Amino acid sequence: MPTYWTRTLIPTLRELPSEAEVPSHQLMLRAGYIRKLGSGVYDYLPLGWRSLRKIMEIIRQEMAAAGAVEVSLPALIPLDLYQKTGRDQAYGDNLFRLKDRHGRLQALGPTHEEVVTEMVGGYIDSYKQLPLTLYQIQTKFRDEYRPRFGVLRSREFLMKDAYSFHTRVDGPGGLGETYQAQFDAYCRIFRRCGLDYVTVEAESGPIGGSASHEFMVPSPTGEDTILESDRQNYAANVEKCEIGRRTQNLQGPVRGDLEKVATPNFPTIETVAQFLKTEPRRVLKTLVYEASLEPALKVKAEHALEAAAEPSPRAFVSERFFVLAVVRGDHDVNEAKLTSVIRGINPRIQTVTLMEQHDALRHGFTIGYVGPHAVAGEAITRLVVDFDAAQDADWVAGANEVDHHVRHFNWQREVLGRGGEPVVADIRNALEGDPSPRDDGGVLKARKGIEVGHVFKLGTKYSTALEVTAQDDKGERHPMIMGCYGIGVNRILAAVIERAAAGQEGHDANGMILPSAIAPYPVVITTIRHQGAAKDLADKLAAELEQIPGVDVLIDDRDERPGVKFKDADLIGIPLRITLGDKSLAKGEVEMKPRRAAKADLVPVGEAVKRAAELLKQL
Ligand code: ATP
Ligand code: MG
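All of the points below concern the structure found in this document.

About the cut-offs
Residues numbered from 1 in each chain as written. Chains lettered and ligands numbered in written order. Predicted model: local features only at pLDDT ≥ 70, side-chain atom pairs only at ≥ 80, totals over all residues. Heavy atoms only, no water. Near = heavy atom within 4 Å. Polar contact = N/O pair within 3.5 Å; in protein donor to acceptor, adjacent residues only side chain to side chain. Helix = DSSP H or I, 4+ residues; strand = E, 2+ residues; numbered from the N terminus. Nonpolar A, V, L, I, M, F, W, Y, C, P; charged D, E, K, R; others polar. 1 Å grid on protein atoms, 1.4 Å probe; cavity = no way out; pocket = protein on both sides within 12 Å on 5 of 7 lines; lining within 4 Å. Points joined across faces, edges and corners; volume = space filled by probe spheres on them. Buried < 20%, exposed > 50% of the residue type's maximum accessible area, 1.4 Å probe, protein only. Pairing = 2+ DSSP bridges. Contact = heavy atoms within 4.5 Å.

**Description of the site of ligand 1**
Inference 1: Neighbouring residues of ligand 1: 14 residues in total, closest Arg142, Glu144, Arg153, Ser154 and Glu451.
Inference 2: Contacts to ligand 1 include histidine 454, whose side-chain N or O atom sits 3.1 Å from an oxygen atom.
Inference 3: Elements with a contribution of two residues or more to the shell around ligand 1: strand 9 (156-166) and strand 22 (444-459).
Inference 4: Across the shell around ligand 1, the residue classes tally to five nonpolar, four polar and five charged.

**Here we look at the layout of surface pockets**
Inference 1: The computed volume of the second largest pocket comes to approximately 410 Å³.
Inference 2: Along the walls of the second largest pocket sit 20 residues, with Thr286, Leu287, Ile367, Gly368 and Tyr369 positioned nearest its centre.
Inference 3: Looking at the lining of the second largest pocket, the elements with two or more residues in it are helix 7 (269-275) and strand 15 (284-293).
Inference 4: The leading source of residues in the lining of the second largest pocket is strand 15, at five residues.

**What about the pairing of strand 20 (residues 404-409)?**
Across a regular strand the side chains alternate sides, sitting on one face of the sheet and then on the other.
Inference 1: When you tally the buried positions in strand 20, you get five out of six residues, the bulk of the element.
Inference 2: Note: strand 14 (residues 259-262) against strand 20, four bridges, orientation antiparallel. Directly across from glutamate 259, in strand 20, lies its bridge partner arginine 407.
Inference 3: Linkage of strand 19 (residues 395-398) to strand 20, two consecutive antiparallel strands, is achieved through a turn of five residues, within which asparagine 400 is found at a positive phi near 60 degrees.

**Overview of helix 14 (residues 562-571)**
Inference 1: Of the positions making up helix 14, those classed as buried are Val564, Lys565, Asp568, Ala569, Asp570 and Leu571.
Inference 2: Buried residues belonging to helix 14 abut helix 1 (23-30), strand 27 (511-512), strand 28 (523-527), strand 29 (553-556), strand 30 (576-580) and strand 31 (589-594).
Inference 3: Backbone geometry just after helix 14 places glycine 573 at a positive phi near 80 degrees.

Shown next as structure tokens:
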């Protein structure tokens, strides 16, 4: 059955909503796809919901083809389940928490590793029952610090999340096999939704685990930065992106006495550099981190960093482990890289977090004015320096005294000569122009992207924490090996609208341009006057068009001026418009206009359905 415009709810707006910054957000509001209810919370109106359902149908088909089975897990989850895996902490304020009437703490699920692992543990206990891949399409809740860009980053959103369980990594039935099957399914899903994507190596974030890839849609409005080698053999997101070979030189000659200069009222590296007549790239930026152990190991803190490579007067033997991370003033510390350097020194370190200012001050670190030569009271501090900061140059650095910097900082004199042993490592974010980590002469290029999907090789993090084991073929019990695979359903729709590839743009000045696979209706039949022959023909064509698989029809039966009807059809992004006007009908013709075409074609009534079917294959 076709849908009549007057019988549904399509509240289109002419004005640009003031709060919307990106095209997908603006257009979804203007086209009557969504309505804002609260911060990061949206109603889906009939058009928006139809599109989402089409995306979900594509996902369901491809999940089934990849051997995954659908379940539905609750959004309301006892908090203690997250406490068992430590994710109540790892998710931090992003986790919605609430208390029920009996005082029991609950969480609204941001993702469901714990829930699905608990469930599988209840029924599966042998390799004979594995592998198993379960998925759901369900509402997730995340109290995002900054919900924005409409449904691109909302606080309540639909996710397809799949979880696989194995007793082995390699070989038939192993994690590797399912990971590849999900990866391939993602490629088909995004292609069917009309999205050009790139896959990038990614850091695993709070979900933990070892290997992961993200699916990114290149778009100038994306919040993620993708770095790709111009040799086309490496792509990663900025959290993960490694940098090719660099060398260090801490031995450079002294260029002058260490000179303390008062620098009050210069809140940024740029202003300090300007005042001292140098550039940010000649200023050492020193950040203070704290490394913490697994909770259970805290008592043994004195021995925590016994694995520190060389014996050194500055070896970690204290309960407080401070890390001074030094990068060039124009660079940013990459916390994932820093964490892995620290874990290389001691694998039991769990987290490395930037210290709060008041806490750092208590331990003698004059935040804003810390230099690599800081010695903080009794605390023991490890110095980790990025390659580009570990160079021979006339450095400016913090003076370890409020409102002061030093000039002519020299690594040899200020640090090495005083018994300091910096670890030199890659701890900064990669930038456009950096050498590719493949070390093949490739150079990194940067662009923005929207993360639409993410696949992880989780390993045994959750099964170990929740004691979910299976017997292998030798009769031995091991925690199950897991993978998890997420897709942002609403984000796909927004990303399609944001598409920027030439000829594939997801919008133009008149509105959205949706591919027929996910448009709420592939066809709109617009009658110039909805009566008589035009009205009857609209119904007849709609009935015939709806015989074509995947085609449903919207009939614009409103008593509106043609200009208004055409504008709205463009705004809501319907791929093909068939117009029935008295003049052309008198000649036995209808007008047919693909959304992207500059003008309409006249087609004999008798050929309209066949012609529409051909056109829709390309739309
Ligand atoms: P991001 O880095 O964008 O915050 P994430 O890496 O935390 O996302 P995952 O845990 O990997 O997200 O979730 C799987 C997918 O869910 C993401 O690839 C994304 O498409 C979608 N998603 C995550 N957060 C949101 C959100 N706040 N709004 C809409 N979609 C989201
Ligand atoms: Mg992710």
